[in-house]
Amino acid sequence: MTYNHAVLGESLELNKEAANWFVEEKKRIEKSKKASKEVMDSIRPMVERNRQILLKEKNQGK
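Because the structure is predicted, anything quoted here is derived from the model rather than measured.

Parameters at a glance
- Residues numbered from 1 in each chain as written.
- Predicted model: local features only at pLDDT ≥ 70, side-chain atom pairs only at ≥ 80, totals over all residues.
- Heavy atoms only, no water.
- Helix = DSSP H or I, 4+ residues; strand = E, 2+ residues; numbered from the N terminus.
- Buried < 20%, exposed > 50% of the residue type's maximum accessible area, 1.4 Å probe, protein only.
- Areas by Shrake-Rupley, 256 points an atom, 1.4 Å probe, with all protein chains shown as cover.
- Phe/Tyr/Trp six-rings, centres within 6.5 Å; stacked < 30°, edge-to-face > 60°.

Caption draft 1: Inspection of the overall build of the chain at higher detail. A tally of helices and strands in the chain yields one helix and zero strands. Expressed as a percentage of the 62 residues in the chain, the buried residues total 2%. In the structure as shown, the chain presents an accessible area of about 6200 Å², 58% of it carried by carbon and sulfur atoms.

Caption draft 2: Region of interest: the packing of aromatic side chains. A complete count under the given rule lists one aromatic pair for this structure. Seen in terms of ring centroids, tryptophan 21 and phenylalanine 22 are 4.9 Å apart; in terms of plane orientation they differ by 80°. Their pairing is edge-to-face. By relative accessible area, phenylalanine 22 is classed as exposed at 52%.

These values are about where atoms sit, not about what they do.
In structure tokens:
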């Protein structure tokens, strides 16, 4: 039966393309997670400082 299009795993070439795509996508996701962690680590002191300022202001208002 012919469907005029390939199905994943139907050919060795298509299977290799899919495997390569998954490898590249995994690398991209890992790089994105690493960058996100670095950003969060870099702003954590600022967030903590702002939290302390807000707590002081809240306590002074009581």
